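Residue-level structure breakdown
Chain by chain, the residues:
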Amino acid sequence: MKAILVILFVSLSFLFSQEYHVSKADKNEVKFISDAPLEDFEGVTDKIDGYLYFENGDFTVNSQLYFEIDLKSLDTGIGLRNRHMRDNYLHTDKYPSTHFKGKIVKAEKTADNQFNVTSEGVIFIHGIERPLTVNGKLTTMDDRIQIQCQFEVKLSDFNIPIPQLMFMKINEVMDLRLNFYLKRFDAKDK
Amino acid sequence: MKNAFIFVFVFSLMWTGLSAQDPAIRWKREEPKTKEQLHLFHSIHAVNLPTAETLKKNELEYEISHRFIPTVTADNAYFGIDGPANIRTALAYAITNHLMITVGRSNLQDNYDFRVKYQFYQLDNPAFPVLLATRAGLGWNTEVYESSGKLRDKTDSKNFQYYGQLIFNTMLWKKLGIGVVPSYLYNSHILCVDTEYSFTVGSYLQYYVSALWSVYFETNTTVTGFRRTYNPITLGIELETGGHFFKIFLSNSQALNPSQFMAGADLNVRDGDWRLGFNITRILKL
């Protein structure tokens, strides 16, 4: 009887869901990188929020991945250029953030605590939603998960006019690089 | 034993039911805390007059400006561009997002300009936004020839000029920038035996045609005190990129540094006497 209960308890612990929230205390970084003929520029922010949900200790079971980025906080290093980006191209008064909502559909273990993951979902930028598949690296560490991923966004797909810099157009494909940490959610922490 | 199987059976049923639904995510969105600083004009200068804008902390701005002395109608001077020209070069630095300092030099009487600008008020009202700033500065003329033709000692107290300005800015319909700049200039005529002063009220309008282009009109009216023959008037176009401003304009003034500009202009625009000028600035990150 006791043995059955122990087996049952251990089994149930695997059935419990796991929810991780973006940890603001960690060094999160989101980069928007654009190539231009005269000078490349980067928009950088740490203002990312969101969650990862999965069950049975398997990232692909009932998985939900959501993150959003505060576009008003993007810093290109020059105040005037930030204003150009916010006011003329991203229109952050109307669309203050961008977000991705999807699920992890594939998780391939590459080391003890590392997985190559694929997530499928929808990205929202500048008022437009488009399907997106993102490949990334997921690293587990105690009560945290680190997600690193990189994907490209074609500005015209999201009705964003291509910024002009010194009369020369920059590349209309922008490279997004995300590196952020999620902490296991514990209701007691609330 | 029987009870354990019943428990497992009931739990399995419950679990299946729960899993079929969307998981109850407990994450809650926090309102973004990023508050944008209010900006009205795009540049920290109109042409000669300041806007209430400041650079971002730790940014530098390098400036090179010309005022071609021959008028645009002068013979064989290619609209005045053949020169000679008065030239200013300057470097500004933002200590905070609201406080900046500038050091500049003009070859007109080898005038050195040291100034501080402080933005002290923002009203983020959609219909009538307001920025207020103040600017104080010192002009040091280091090459002054007296009427006798003698070069005056550089450190002569008459070579120093001091000024203070209050800067009011607003922006209507996100397109039309309006600026008013009451100014006081001490020792506005450095060759006069008695110390002169000038109280002026500057004003400017700038219309932003697109994200890159704008047109503007600027004037500085002497209300009381010394003035050279005419009030300065300037009109022109501005092109901006992510870090540069190119301003090309017509003006009746040949002065670039504030302590010289505030003392008045030398050409009468009613006679069609204008001269060409340009300001180019580049913002850099320290």
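Cut-offs used in this document
Residues numbered from 1 in each chain as written. Chains lettered and ligands numbered in written order. Predicted model: local features only at pLDDT ≥ 70, side-chain atom pairs only at ≥ 80, totals over all residues. Heavy atoms only, no water. Helix = DSSP H or I, 4+ residues; strand = E, 2+ residues; numbered from the N terminus. Rg over C-alpha atoms; globule rule 2.2 N^0.38 Å. Buried < 20%, exposed > 50% of the residue type's maximum accessible area, 1.4 Å probe, protein only. Areas by Shrake-Rupley, 256 points an atom, 1.4 Å probe, with all protein chains shown as cover. Lys, Arg positive; Asp, Glu negative; His and termini not counted. Charge placed at Lys NZ, Arg CZ, Asp CG, Glu CD. Salt bridge = Lys/Arg side-chain N within 4 Å of Asp/Glu carboxyl O. Pairing = 2+ DSSP bridges. Phe/Tyr/Trp six-rings, centres within 6.5 Å; stacked < 30°, edge-to-face > 60°. pLDDT = per-residue confidence, 0-100. Contact = heavy atoms within 4.5 Å. Axes fitted to C-alpha atoms, helices over the stretch in contact; angles between N-to-C directions. Core = buried A, V, L, I, M, F, W, Y, C linked by side-chain atoms within 4.5 Å. Patch = residues over 30% accessible without salt bridge, like charges linked within 9 Å, V, L, I, M, F, W, Y side chains within 5 Å. Polar contact = N/O pair within 3.5 Å; in protein donor to acceptor, adjacent residues only side chain to side chain.

**Structural notes on the overall build of chain B**
A count of helical and extended segments in chain B gives two helices and 12 strands. Listed N to C, the secondary structure of chain B is α-β-β-β-β-β-β-β-β-β-β-β-α-β in terms of helices and strands. The C-alpha atoms of chain B give a radius of gyration of 28 Å, which is well past the 19 Å a tight globule of 286 residues would have. When its C-alpha atoms are laid out on the principal axes, chain B stretches across 120 × 40 × 30 Å. When burial is assessed residue by residue, chain B has 45% of its 286 residues classed as buried. Carbon and sulfur atoms make up 63% of the accessible area of chain B, which amounts to about 14000 Å² in all. Here chain B contributes 27 positive and 25 negative side-chain charges, whose respective centroids are spaced 10 Å apart.

**A few points about the pattern of salt bridges**
Counted under the stated rule, the structure contains 18 salt bridges over all chains. Measuring nitrogen to oxygen at the nearest pair gives 3.2 Å for the salt bridge that ties Arg144(A) to Asp143(A). Note that Arg88(B) is salt-bridged to Asp113(B), the shortest N-O span being 3.4 Å. Taken together, the residues span a long stretch of sequence, with Arg88(B) in strand 2 (residues 85–94) and Asp113(B) in strand 4 (residues 111–123) at a distance of 25 residues. What makes Arg88(B) buried here is its relative accessible area of 2%. Looking at Asp113(B), the relative accessible area reads 1%, which means it is buried.

**Notes on the pairing of strand 6 (residues 97–111) of chain A**
All names here are of chain A. Pairing between strand 5 (residues 64–70) and strand 6: six bridges, direction antiparallel. Among the inter-strand pairings, Glu 68 is bridged to a residue of strand 6, identified as His 99. The loop that links strand 6 with its antiparallel partner strand 7 (residues 114–125) comprises two residues.

**Digging into the environment of Asn116(A)**
In this structure, Asn116(A) sits in strand 7. Expressed as a C-alpha distance, the spacing of Asn116(A) and Arg144(A), which sit 28 residues apart in the sequence, is 16 Å.

**Notes on the packing of aromatic side chains**
Taken as a whole and judged by the stated rule, the model has 16 aromatic pairs over all chains. Taken together, a centroid distance of 5.4 Å and an interplanar angle of 25° make the contact between Phe67(A) and Phe100(A) stacked. Residue Phe67(A) is located in strand 5, and its partner Phe100(A) is located in strand 6; the two are separated by 33 residues in the primary sequence. The class for Phe67(A) is buried, based on a relative accessible area of 4%. According to the relative accessible area criterion, Phe100(A) is buried, its value standing at 1%. On the numbers, 6.1 Å between centres and 40° between planes, the contact of Tyr112(B) with Trp140(B) is tilted. Of the two residues, Tyr112(B) sits in strand 4 while Trp140(B) sits in strand 5 (residues 130–141), which places them 28 residues apart along the sequence. Taken together through their ring pairs, the aromatic side chains of Tyr20(A), Phe54(A), Phe59(A) and Phe115(A) make up a single cluster.

**Description of the confidence of the model for chain B**
Mean pLDDT for chain B: 90, with 91% of residues reaching 70 or above. In the model, residues 12–21 of chain B has pLDDT below 50 throughout and makes five contacts with residues more than four positions away in sequence or in other chains.

**Notes on the sheet that holds strand 3 (residues 99–106) of chain B**
Strand order in the closed barrel formed by 12 strands is 1-2-3-4-5-6-7-8-9-10-11-12 (chain B), and the pairing between neighbours is antiparallel. Direction aside, neighbouring strands of the sheet carry axes that sit 20° apart on average.

**Some words on unusual backbone geometry**
The omega torsion of the bond from Gly83(B) to Pro84(B) falls at 10°, within 30 degrees of zero and hence cis. Its place among the elements puts Pro84(B) in the loop between strand 1 (59–68) and strand 2. Although it is not a glycine, His126(A) sits at a positive phi angle of roughly 55°. Relative to the helices and strands, His126(A) is located in the loop between strand 7 and strand 8 (128–141). With relative accessibility at 8%, the residue His126(A) sits in the buried group.

**A word on the nonpolar core**
Of all hydrophobic cores here, the largest spans 39 residues; its most connected members are Leu52(A), Leu138(A), Ile145(A), Phe151(A) and Leu178(A). If we ignore the near neighbours within four places in the chain, the residues touching Leu178(A) are Glu29(A), Val30(A), Ile48(A), Phe67(A), Ile69(A), Ile147(A), Gln148(A), Cys149(A) and Phe151(A). By size, the runner-up hydrophobic cluster in this structure holds 20 residues, among which are Phe41(B), Tyr163(B), Tyr204(B) and Ala263(B).

**Looking at a nonpolar patch on the surface**
All names here are of chain B. Nonpolar side chains collect at one region of the surface, where Tyr 162, Tyr 184, Tyr 186, Tyr 197, Phe 199 and Val 223 lie side by side and expose about 560 Å² of accessible area between them. At the level of elements, strand 7 (176–186) and strand 8 (197–208) are the ones that each hand at least two residues to the nonpolar patch. By the secondary structure assignment, Tyr 184 is in strand 7.

**Considering the side chain of Glu240(B)**
Note on placement: Glu240(B) falls in strand 10 (residues 233–240). The charged side chain of Glu240(B) is buried without a salt bridge, its nearest counter-charge being Arg83(A) at 6.6 Å. One polar contact links Glu240(B) to His84(A), side chain to side chain, over a distance of 2.6 Å. Apart from residues no more than four positions distant in its own chain, Glu240(B) is found in contact with Leu80(A), His84(A), His42(B), Tyr208(B), Ala211(B), Leu212(B) and Phe245(B).

**Some thoughts on helix 2 (residues 79–90) of chain A**
Residues spaced three or four apart along an α-helix point in a common direction, a consequence of the helix completing one turn every 3.6 residues. Residue and element names in this part refer to chain A. Within helix 2, 10 of the 12 residues are buried, which leaves it mostly tucked inside the rest of the structure. Turning to helix 2, its buried residues number three or more, namely Gly 79, Leu 80, Arg 81, Asn 82, Arg 83, His 84, Met 85, Arg 86, Tyr 89 and Leu 90. Following helix 2 by one or two positions, His 91 has its phi on the positive side, about 50°.

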